[in-house]
Amino acid sequence: MRVVFFAPTYPVEMVQFTRGLAEVGAEVYGVADAPKESLPKGLRDSMHGYLQVPRIMDEDDVMNRVSTWLKGKSIDRVLANWEPLTIMAARLRERWGLPGMSVDTVTAFRDKQIMKERVKAAGLRVPRSMRVRTEAEIRAAAEEIGYPLCLKPIAGAGSADTHKVRDAAELSAVIKLMRHVEEASCEEFIEGEEFTFDTLSVRGVPVYENIAQYLPKPIEMRSQEWISPVIITVKDMYQPRLQPGVTLGRNVLKALNMGEGYTHMEWFLTPKGEAVFGEIGCRAPGGHLVDQMNYTSDIDLFREWARVACYGAFEARAPRKHNCGIIFKRAIGQGRITAIHGLNHWKQMAGPAFVDEQLLRPGSRRRDWMQTLVSDGFVVCRHPDWNEAYRLSMAAATDITMYAG
Ligand SMILES: Nc1ncnc2c1ncn2[C@@H]1O[C@H](COP(=O)(O)OP(=O)(O)O)[C@@H](O)[C@H]1O
Ligand SMILES: [Mg+2]
């Protein structure tokens, strides 16, 4: 089994996926823009070969270089688990005639308008939406869709340039802020709670499923610095209240012709109990959610993904034992971290529910919270009882404080 894996270096969890590929017996050929010498040793050991390319986003250039590099070798799979590279992986599969999802299929997991059209065509509930490119189109779409609405880039990430718009005056202000965005989606704003539906799938059917709740919703956690974003996996994900989301999620995979690998969907649960589609990607969820799923089920989903992606097989036992909460922290002040307060107290309170802590230490430079959800680090806890996992997570959000200056 020879596998080309794009970006084994970035984001950080890709190192783990590369390890997973090696562990299931794949010969891994990594392609990324980092110099070979800069790769961590563990990562180098997981790969059979590595090609450094000058620009990983330049699809034609990368495909040509990889083709030249691997000339004469038979390759079995081309994989990518980082969203911006999923289309390139599909293009290379098509060029080489390999199994896996086509460019057309992957495009529907990438382009938010095509995505919603296909999901809607299958009779599933999506926000009403229109693709908009100019100011005139935005205003016309706002007329058509009404307020409140959501304006966001058609192929965005991390809630960048995503706005809730309540009336025409706010629309004018937001239009000014969005001048640099070439193509946007103008949508009916869905009120309610927001969840993920994550899967590892084989021929479009989930072999592992997960639901996590965003507290608060990404549009809020990504726009207010004072918030400590919390995400908790739901152990009891098949409870009746969440069943509409599970049903929606499974049907979305069918509608989009999912093949093998990870999916990460977001959906809204309205006050009336209806599940409404948000968006979906055919790649692993980011922000350490794979780690959270591992802590939820005591499993190694980095390796199990590799087995699914290479052999279409899933054999692991995956009981849902815990609700696993991650809490991201943002320091007060700019520059370098000076102090962390409340951490030891929280760890004592959590006791055996404490799982992991990776807060930046005093002296480290703050990360840009707008660019990365991980912000200035995180703590992780887990508990079989939802209320206890929730209580501990909220306590970490409010009682652990980081300072910078
Ligand atoms: N139609 C909508 N109604 C309500 N909230 C929305 C809508 N679209 C997006 N959002 C909010 O904005 C966030 C980011 O939008 P999303 O489409 O998920 O883009 P991204 O690729 O940046 O994650 C969502 O998680 C949600 O909180
Ligand atoms: Mg999203």
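So, the overall build of the chain
Within the chain, the secondary structure is distributed over 14 helices and 18 strands. Against the 2.2 N^0.38 benchmark of 22 Å for 405 residues, the chain shows a C-alpha radius of gyration of 21 Å, consistent with a compact globule. In terms of its C-alpha atoms, the chain occupies a principal-axis envelope of roughly 60 × 55 × 45 Å. Per-residue burial for the chain yields a buried fraction of 44% across its 405 residues.

Brief notes about the sheet that holds strand β5 (residues 129-132)
What links the strands of a sheet is backbone hydrogen bonding, and the strands pair in either a parallel or an antiparallel sense. Pairing is antiparallel in the open sheet, where 4 strands are placed in the order β5-β8-β6-β7. Either end of the sheet is taken by a strand with one partner, and the two such strands are β5 and β7 (163-165). Strand after strand, the sheet turns through a mean of 25° between neighbouring axes, direction not considered. Strand direction decides the pairing type here: β5 and strand β8 (residues 184-188), joined by 4 bridges, are antiparallel. Looking across to β8, one finds that Val132 is bridged to Ala184.

Let's talk about the site of ligand 1
In the vicinity of ligand 1 there are 19 residues, among which Pro127, Glu187, Ile190, Pro218 and Ile219 approach most closely. Taken together, the elements giving at least two residues each to the shell around ligand 1 come down to β6 (149-153), β8, α9 (218-221) and β13 (275-281). Here the residues of the shell around ligand 1 are counted per class, giving 7 nonpolar, 5 polar and 7 charged. Three or more residues apiece are contributed to the shell around ligand 1 by two domains, here domain 2 (128-188) and domain 3 (193-404).

A short note on the sheet that holds strand β17 (residues 378-383)
Within the open sheet, the 8 strands sit side by side as β13-β12-β9-β10-β11-β14-β17-β16. Their pairing is antiparallel. Bordering the open sheet on either side are β13 and β16 (354-357), each of which pairs with just one other strand. Here the strands of the sheet are splayed against their neighbours by 20° on average, with no regard to which way each runs. Bridge count between strand β9 (residues 193-202) and strand β10 (residues 205-215): 8 bridges; the pairing is antiparallel. When the bridges of β10 are listed, Phe195 appears paired with Gln213. Most of the contacts of helix α12 (residues 301-311) go to β9, to which it runs at about 50°, and overall it touches β9, β10 and β12 (261-269).

A word on the packing of helix α13 (residues 343-350) against helix α14 (residues 386-399)
The contact between α13 and α14 brings their axes to 10 Å, and the two run at 170°. It follows from the interaxial angle that α13 and α14 lie roughly antiparallel. Counting all contacts with α13, which are made through His345, Trp346, Met349 and Ala350, the residues of α14 involved are Leu392, Ala395, Ala396 and Asp399. A per-class count over the contact of α13 with α14 returns 6 nonpolar, 1 polar and 1 charged.

What about helix α4 (residues 86-96)?
Within α4, burial applies to Thr86, Met88, Ala89, Ala90, Leu92 and Arg93. Next to the buried residues of α4 lie β1 (2-6), α3 (59-69), β4 (77-79) and α5 (103-107). Of the residues flanking the end of α4, it is Gly97, one or two places downstream, whose phi is positive at about 70°.

Section: the packing of α3 against α4
The angle between the axes and the distance between the axes are what describe a pair of packed helices. Packing of α3 against α4 leaves a shortest axis separation of 10 Å and a crossing angle of 45°. With respect to each other, α3 and α4 are oriented oblique. The handedness of the crossing between α3 and α4 comes out as right-handed. Across from Glu59, Val62, Met63 and Val66 in α3, the residues of α4 making contact are Met88, Arg91, Leu92 and Arg95. For the contact of α3 with α4, the class distribution of residues is 5 nonpolar, no polar and 3 charged.

Notes on the domain arrangement of the chain
Its domain assignment divides the chain into domain 1 (2-100), domain 2 (128-188) and domain 3 (193-404). Measuring from the centre of the C-alpha atoms in domain 2 to the corresponding centre in domain 3 gives 27 Å. Across the contact, 4 residues belong to domain 2 and 5 residues belong to domain 3. Along the lines of polarity and charge, the residues of the side of domain 2 that touches domain 3 split into no nonpolar, 3 polar and 1 charged.

Brief notes about the environment of Asp236
Looking at the element boundaries, Asp236 is found in the loop between β11 (230-233) and α10 (243-255). For Asp236, a count of 13 C-beta atoms within 10 Å corresponds to the partly exposed category. Expressed as a C-alpha distance, the spacing of Asp236 and Arg110, which sit 126 residues apart in the sequence, is 30 Å.

Re the nonpolar core
Ranked by internal contacts, the top residues of the largest apolar core, which has 95 residues, are Val3, Ala89, Val252, Trp267 and Trp305. Counting contributing residues, this core receives three or more from each of domain 1 (2-100) and domain 3 (193-404). Residues Val132, Ala142, Val165 and Leu171 belong to the second largest nonpolar core, which totals 11 residues.

Procedures and definitions
- Residues numbered from 1 in each chain as written.
- Chains lettered and ligands numbered in written order.
- Predicted model: local features only at pLDDT ≥ 70, side-chain atom pairs only at ≥ 80, totals over all residues.
- Helix = DSSP H or I, 4+ residues; strand = E, 2+ residues; numbered from the N terminus.
- Rg over C-alpha atoms; globule rule 2.2 N^0.38 Å.
- Buried ≥ 20, exposed ≤ 12 C-beta atoms within 10 Å, placed from the backbone.
- Pairing = 2+ DSSP bridges.
- Axes fitted to C-alpha atoms, helices over the stretch in contact; angles between N-to-C directions.
- Near = placed C-beta within 6 Å.
- Nonpolar A, V, L, I, M, F, W, Y, C, P; charged D, E, K, R; others polar.
- Domains from an automatic or database assignment.
- Contact = placed C-beta atoms within 7 Å.
- Parallel < 35°, antiparallel > 145°, perpendicular 65-115°, else oblique.
- Left-handed = near helix turned anticlockwise from the far one by under 90°.
- Core = buried A, V, L, I, M, F, W, Y, C linked by C-beta atoms within 7 Å.

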